[in-house]
Amino acid sequence: MAFTPENLLLANEIVARYPKTKSAILPLAHLAQDQDGYLTQDAMREIAGMIGVTPAEVLGTCSFYTMFKRDEVGRLVVSVCTNVTCLVMGGPEVLEHLEQRYASDKEVTIEEVECLAACGNAPAMQVNYEFHESLTPGSATEIIEAYKAGELTARGVSGGVAGGGQG
Amino acid sequence: MKDEREIVTVTIDGIEMQAPKGELLIRVAQDNGTFVPRFCWHERMKPVGMCRMCLVEVEGVRGMPPACTTTVTDGMVVNTKSETVKKAQDGVLEFLLINHPLDCPVCDRGGECPLQDQTLAFGPGESRYVEEKRHFEKPIPISELVLLDRERCIQCSRCTRFADEIAGDRLIDFGERGGEMQVITYPDDPFTSYFSGNTVQVCPVGALTAKPYRFRARPWDLSAVETSCQTCSVGCRGSLESSSNELVRLLGVDVEPVNHGWLCDKGRFGYEATHAEDRARNPMIRRDGSLVECSWPEALDAAAEGIKRSLDLHGPASIAMVGGSRGTNEDAYLWARLAKGVIGTDNVDAQIGDGLPAEVVLGLPGATIPDLDEAAAIILLGPDLKEELPVLYLRVRRACVDLGVPILDVSAVDHGLSKYASATIRHLPGEQASAAREISAALAPLIDGRSGPIVVVLGRSDVATSAEPTVAAAAIIREIPNTRFLVALRRGNVRGAIDLGLAPGFLPGRVTLDAGAERFVAAWGSAPAEVGLDTAGIFNAASEGRIGALILVGADIVNDFPDRRLVRAGVGGAGFVICINATVTEAAADADVFLPATVWGEKAGTTTNLEGRISRVGRKIAAVGNPMPDFRIASELALRLGTDFDLETVEEIQDEIARVAPAFAEVDAQLLKRARDGVVLPLALHRDELVLEPRRIPVIDFSWEPIKPEGPGEFEVVEFEVVEPVLEADASDEAAAEEESALPVDISNGAGLPDAQLFVWSAQHAAQPTPGRDNYALRLSAGRSLYDNGRTVASTPALRALIPAQTLRVNPSEISRVGVADGESVRVSTARGSLVLSLTGDANVPAGVAVMPFNIGETGVGDLVDVSLVVTDLRLETLR
């Protein structure tokens, strides 16, 4: 989807901030992801046009960062760590449970990630980049349900304030 | 370019070497005979230090720097063969091979693969890696021409850097950086660069393969010959390779003054046209209204008879010759001698109404391609180089982007180089002269103290506008001090054909009929006195019944000439038509005699590029069937008209040219054989550019540490060499050069012939006004697109699919003015005719202009242009 008129103004402002327009690829990608929920192909093409590079170059840059989602994701992105400490403390069990529980829930996307640097209270997960630690399959489910019910407030999928900013 | 850097002394592996300060260590080592292994470093691209294969030890430097990113300093002591270096090389190769599939037996690169070669020479021989390798779907097409095998890729970034740095088409890039790093294109946005084939050539593994060559041959089954591409007039040097008498590929060879090793895809893959199904294999004559195959003597007798009849009845001026810009110089010379020396007509034109008058081509002070690099500024007033002369586009782009030469763009519409221009003068098609008057003022701020010549790339930007406005502009620009011209004509050897007299008013060697009369009467026995007709004049005369015999040499005249109605009337009106071609074209189908000719790859000789540089063309395969080279056909016709040329070989023709054609003085067979990068005419002005030695890469030490596998058996010492493809001609050149290097260039040529003055364009050109455009009309700009219905593309399976769809591009405001939707069909009418075409809006097209490439689609520009008019104005009507 193309940038909305307000976001287009903001996008032009972002481009103007940099001496080399190419530097605006990442903030513009954040803006597009916050607007559309994920980084669409149309958005990457539009970004390329705005800063005078090829779409391949935008894709090449954005595909490095796992925080840019190139496929549609739910409102809540849950990142479960399965690196060494979490592996020992039950991370994979949490992951497996959540994957099964939310397999058909379009609002929630579960992903496996590398170390979140929360080994002290493993296993850990993030919900839209908000940390939750010392989990069990049960407590992890409760936390997600709390977000779904609105008891906890989620950030945007890029980790920024929900619905705005460029992360 | 002169190297003015300070010279320093470096010691590499104990041997002292002199090198310019700041030069890359890997290059200094290589130039002095020490090969440092590498994958990512390429001589024509910026170093990146990605593959780590060229790690060396430098005394006093901690760690091991890569030789490709290290510059030499005075007193530097380098070790490229120590135990430590060897260990590093083993390690790097072991890592590179972790994910490499080792499918060499089925890989196209196997046998000439840098990874294979360097693993053998520098690698550990064994891997400790036992885990599963990375897997990808293989191979995936990244364009119509190139396929990508991501498993084989070692991520050297040569292809992505080529696309970005050299071609300026960054349609491929690395994606998924990390463990899954791979070359990507954007979805639905394939790698449609005109230069994509170069990425296949520079790939150091078999990750990128070209569709036409895949699985066609193994490198050790190929034989190669050195040649020059004749697809366009840049004349890129290449190595033409065949297997079982079939051309299978053309590789670019790095020649400093011309192509730097690059080729465009049309040139690279166009060899397939040689094997087209519709090649004519036998001569034909018209019997009972249709062409039937016959023997050569029969056909030649019939052709000579037709010429003789016209000659006897109406005199030499009733005979005309059109074409001849696709052959070799030797072909062109004998066609010129046949027409002008034997028949006695000057109605001869190699250009097909889409170039510039020969006075302008021959008479302007010439520039060379390397002049672009040292220019104070480059003025572009001519065709879209990216579409018509792609490798010249690369050189102009490099001069601008890498060397900072400013570009002044004088054009009617945006083209491939517009975005690099420092200043732009826009004009309506046909208003080149008034635009040229603004050049001086626009140039001053660009030059801003820069020294060097001003190089003007001058040509016809489109075929819907006559040559007149460009000629007028040239007359104005020539008055700007220090300008030199690269005349951008398109066809392969058009410059050679003009240089050798296939133009009205000129004799071989850049002399006018008057200036050369005495000389050529002495050499040939006779020469025409009256200036003849150009191609348009010939077709006009023929359509009025004034041409008794028309000789068409090559060219698909009906599709190549801008005015289709005139050419059809001309061919139809000529008394007797002789057609020499590789296929039976539309005009050939109406011929009285058809003579099949051999084409590029099937005959040896020389070709002249747009600089006036003569370089060798190689013969790689024998023609199938009975086609003959043009020069033999011309000789046979001359014999039947009573003149025995007595020239049996290409070398004999070259020697005769050197003897009789003034601009070719000294340029005989021996010099042409020795001149590595070709000979720029006239030799007197370019003598110091001659390189008579073959390129040699010195080798200090061939005995690399051999691989010692564990277990029984010993490998022999492997002699390892990574160089450009070895060319057959080089080997013989080397021997010849050694024999002859002591001899001075023979300057006894032409002795005994009268002097002749080389032509200089001196006529004061009175610019004729271009008619104005009324507000309801659009002015047509019909340039060329690289892929069109021309024979090379249409007969090449790999390229045919790339011909763009026909559409008329106009400013979006025009679409709304006509009141149709984008993409809708409209009726397009000119003074000449009308067509139904789809209309596309394009904000880059200025209002008042309509853009459509020439020779696309069944009907097109050729049906709209009247060559007697200066410009082509058109009107649009809705069909509703």
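Residues numbered from 1 in each chain as written. Chains lettered and ligands numbered in written order. Predicted model: local features only at pLDDT ≥ 70, side-chain atom pairs only at ≥ 80, totals over all residues. Heavy atoms only, no water.

Under Sequence similarities (unreviewed entry), UniProt gives the following word-for-word description of chain A: "Belongs to the complex I 24 kDa subunit family." (UniProt positions renumbered as here; feature names shortened; annotations may be inferred.)

Asks: I'd like a description of the overall build of chain B, backed by residues and values.
Replies: Check the secondary structure of chain B and you find 28 helices and 35 strands. In terms of overall dimensions, chain B has C-alpha extents of about 90 × 70 × 60 Å along its principal axes. Taking all 880 residues of chain B together, 61% fall into the buried category. Accessible surface computed for chain B: about 33700 Å², of which carbon and sulfur atoms make up 50%. Charged side chains of chain B number 86 positive and 127 negative; the gap between the two group centres comes to 3 Å. (Helix = DSSP H or I, 4+ residues; strand = E, 2+ residues; numbered from the N terminus. Buried < 20%, exposed > 50% of the residue type's maximum accessible area, 1.4 Å probe, protein only. Areas by Shrake-Rupley, 256 points an atom, 1.4 Å probe, with all protein chains shown as cover. Lys, Arg positive; Asp, Glu negative; His and termini not counted. Charge placed at Lys NZ, Arg CZ, Asp CG, Glu CD.)

Asks: Before we move on, can you summarise the environment of Asp34 of chain A with the specific residues and values?
Replies: Summarising the element assignment, Asp34 of chain A is placed in helix α2 (residues 25–36). Distance from Asp34 of chain A to Val157 of chain A, taken between C-alpha atoms, is 6.6 Å for residues 123 residues apart in sequence.

Asks: So, the pairing of strand β33 (residues 834–841) of chain B: which residues are in play, and what are the values?
Replies: Residue and element names in this part refer to chain B. With three bridges joining them, strand β31 (residues 808–810) and β33 adopt parallel strand pairing. In the strand pairing of β33, Arg809 is matched with Thr840. Where strand β32 (residues 825–829) lies against β33, five bridges are found, and the strand directions are antiparallel. By the bridge assignment for β33, Arg827 is matched with Val836. In this structure, the hairpin formed by β32 and β33 is closed by a connection of four residues. (Pairing = 2+ DSSP bridges.)

Asks: Talk me through the state of the cysteines; I want residue IDs and the actual numbers.
Replies: Each disulfide consists of a covalent bond between the sulfur atoms of two cysteine residues. In this structure the tally under the stated criterion is zero disulfides over all chains. Free of any disulfide, Cys119 of chain A has its nearest cysteine sulfur in Cys115 of chain A, 3.9 Å distant. This cysteine, Cys107 of chain B, is not joined by any disulfide, and Cys113 of chain B carries the nearest cysteine sulfur, 6.2 Å off. (Disulfide = S-S within 2.5 Å.)

Asks: Hey, could you go over the sheet that holds strand β1 (residues 76–81) of chain A for me, with residue numbers and the actual values?
Replies: Residues and elements named next belong to chain A. Spatially, four strands are ordered β2-β1-β3-β4 in an open sheet, and the strand pairing comes out mixed. Of all strands in the sheet, those bounded by a partner on one side alone are β2 (108–113) and β4 (130–132). Looking at each pair of strands side by side, their axes are set apart by 25° on average, direction ignored. Along the sheet, helix α6 (residues 91–101) contacts β1, β2 and β3 (125–127); its crossing angle with β1, the most-contacted strand, is approximately 150°. (Axes fitted to C-alpha atoms, helices over the stretch in contact; angles between N-to-C directions. Contact = heavy atoms within 4.5 Å.)

Asks: Break down the pattern of salt bridges for me, citing the residues and quoting the values.
Replies: Within this structure, the stated rule accounts for 67 salt bridges over all chains. Notably, a salt bridge pairs Asp409 of chain B with Arg426 of chain B, separated by 3.9 Å at the nearest N-O pair. On the criterion of sequence distance, the pair formed by Asp409 of chain B in strand β18 (residues 407–411) and Arg426 of chain B in strand β19 (residues 423–426) is long-range, its members being 17 residues apart. Looking at Asp409 of chain B, the relative accessible area reads 0%, which means it is buried. Ionic contacts of the salt-bridge type, sharing partners, join the residues Lys22 and Glu57 of chain A together with Asp164, Arg170, Asp173 and Arg177 of chain B into one network. (Salt bridge = Lys/Arg side-chain N within 4 Å of Asp/Glu carboxyl O.)

Asks: Give a description of the packing of α6 of chain A against helix α7 (residues 137–149) of chain A that names residues and reports values.
Replies: All names here are of chain A. Where α6 meets α7, the axes come as close as 9 Å, and the angle between the chain directions of the two elements is 45°. As far as their axial angle goes, α7 and α6 are oblique. Between α6 and α7 lies a crossing whose hand is right-handed. Along its contact with α6, which presents Glu93, Val94, His97, Leu98 and Arg101, the element α7 presents Pro137, Ala140, Thr141, Ile144 and Glu145. (Parallel < 35°, antiparallel > 145°, perpendicular 65-115°, else oblique. Left-handed = near helix turned anticlockwise from the far one by under 90°.)

Asks: How would you explain the confidence of the model for chain B if you had to name every residue and give the values?
Replies: Overall, the prediction assigns chain B a mean pLDDT of 91, with 92% of residues at 70 or greater. In the model, residues 703–748 of chain B has pLDDT below 50 throughout and makes 60 contacts with residues more than four positions away in sequence or in other chains. (pLDDT = per-residue confidence, 0-100.)

Asks: Quick one: what's the story with the nonpolar core, residue by residue and with numbers?
Replies: Residue and element names in this part refer to chain B. If you look at the biggest cluster of nonpolar residues, it comprises 93 residues, and the most contacted ones within it are Val234, Leu372, Ile378, Leu385, Leu392 and Val396. Ranked by residue count, the leading element in this core is helix α11 (residues 390–401), at seven residues. In contact with Ile378, not counting residues within four places along its chain, are Leu372, Val396, Ala399, Val405, Pro406, Ile407, Leu408, Val455 and Val457. Within the second largest apolar cluster, 66 residues are counted, among which are Trp296, Trp335, Val348 and Leu513. (Core = buried A, V, L, I, M, F, W, Y, C linked by side-chain atoms within 4.5 Å.)

Asks: Tell me about the sheet that holds strand β2 (residues 15–20) of chain B, residues and numbers included.
Replies: Residues and elements named next belong to chain B. Across the sheet, which stays open at both edges, the four strands sit in the order β2-β1-β4-β3 with mixed pairing between neighbours. Across the chains shown, the open sheet's two edge strands, defined by having one partner strand only, are β2 and β3 (57–58). Note: strand β1 (residues 7–12) against strand β4 (residues 76–79), three bridges, orientation parallel. Directly across from Ile12, in β4, lies its bridge partner Val78.

Asks: Can you lay out a nonpolar patch on the surface for me, pointing to particular residues and giving the numbers?
Replies: Taken together, the side chains of Val84, Leu87, Val88 and Met89 of chain A make up a nonpolar region of the molecular surface, amounting to roughly 430 Å² of accessible area. Considering the arrangement of structural elements, one finds Met89 of chain A in helix α5 (residues 84–89). (Patch = residues over 30% accessible without salt bridge, like charges linked within 9 Å, V, L, I, M, F, W, Y side chains within 5 Å.)

Asks: Report on the domain arrangement of chain A, specifying residues and quantitative values.
Replies: You'll often see interface size given as the accessible area lost when the parts meet. By the assigned domains, chain A splits into domain 1 (5–62) and domain 2 (76–148). On a C-alpha basis, the centres of domain 1 of chain A and domain 2 of chain A stand 30 Å from each other. (Domains from an automatic or database assignment.)

Asks: Can you explain the environment of Leu300 of chain B? Please cite residues and give values.
Replies: Residues and elements named next belong to chain B. Mapped onto the fold, Leu300 is located in helix α7 (residues 296–314). Look at Leu300 and you get buried, because its relative accessible area is 3%. Taking C-alpha positions, Leu300 is 8.8 Å from Pro283, a pair spaced 17 residues apart along the chain. In this view, Leu300 contacts Leu595, Met628, Ile633, Glu636, Leu637 and Arg640; residues no more than four positions away in its chain are not counted.

Asks: A description of the interface of chain A and chain B should follow, citing residues and the corresponding values.
Replies: At the interface, 14 residues of chain A touch 14 residues of chain B. Applying the counting rule to chain A against chain B returns three salt bridges. Between Glu176 of chain B and Arg70 of chain A there is a salt bridge, and its shortest N-O distance comes to 2.9 Å. Looking at the side of chain A that touches chain B, the elements that each hand over two or more residues are α3 (41–51) and α4 (55–62) of chain A. Ranked by residue count, the leading element in the side of chain A that touches chain B is α4 of chain A, at five residues. Within the side of chain A that touches chain B, the residues separate by chemical class into five nonpolar, four polar and five charged. (Nonpolar A, V, L, I, M, F, W, Y, C, P; charged D, E, K, R; others polar.)

Asks: Give me the lowdown on the packing of aromatic side chains, citing residues and values where you can.
Replies: Scanning the entire structure with this criterion turns up ten aromatic pairs over all chains. On the numbers, 4.9 Å between centres and 85° between planes, the contact of Phe64 of chain A with Tyr65 of chain A is edge-to-face. Taking relative accessible area as the criterion, Tyr65 of chain A reaches 34% and is therefore assigned partly exposed. Within the aromatic cluster, the residues linked to one another by ring pairs are Phe64, Tyr65 and Phe68 of chain A. A cation over a ring is seen here: Arg249 of chain B above Tyr213 of chain B, with NZ or CZ 4.7 Å from the ring centre. (Phe/Tyr/Trp six-rings, centres within 6.5 Å; stacked < 30°, edge-to-face > 60°. Lys NZ or Arg CZ within 6 Å of the ring centre and 35° of its normal.)

Asks: A description of the domain arrangement of chain B should follow, citing residues and the corresponding values.
Replies: Here chain B is partitioned into domain 1 (7–81), domain 2 (284–344 + 495–717), domain 3 (359–488), domain 4 (731–765) and domain 5 (778–878). Computed from C-alpha coordinates alone, the two centres of domain 1 of chain B and domain 2 of chain B are separated by 48 Å.

Asks: Please give an account of α7 of chain A that cites residues and values.
Replies: Residues and elements named next belong to chain A. Along its 13 residues, α7 runs 18 Å from first to last C-alpha, staying within 8% of the 18 Å computed at 1.5 Å per residue. Listed as buried for α7 are Ala140, Thr141, Ile143, Ile144, Ala146 and Tyr147. The secondary structure elements touched by the buried residues of α7 are β1, α6, β2, β3 and β4. Just downstream of α7 lies Gly150, where phi reads positive at about 85°. (Expected span 1.5 Å × (residues − 1).)

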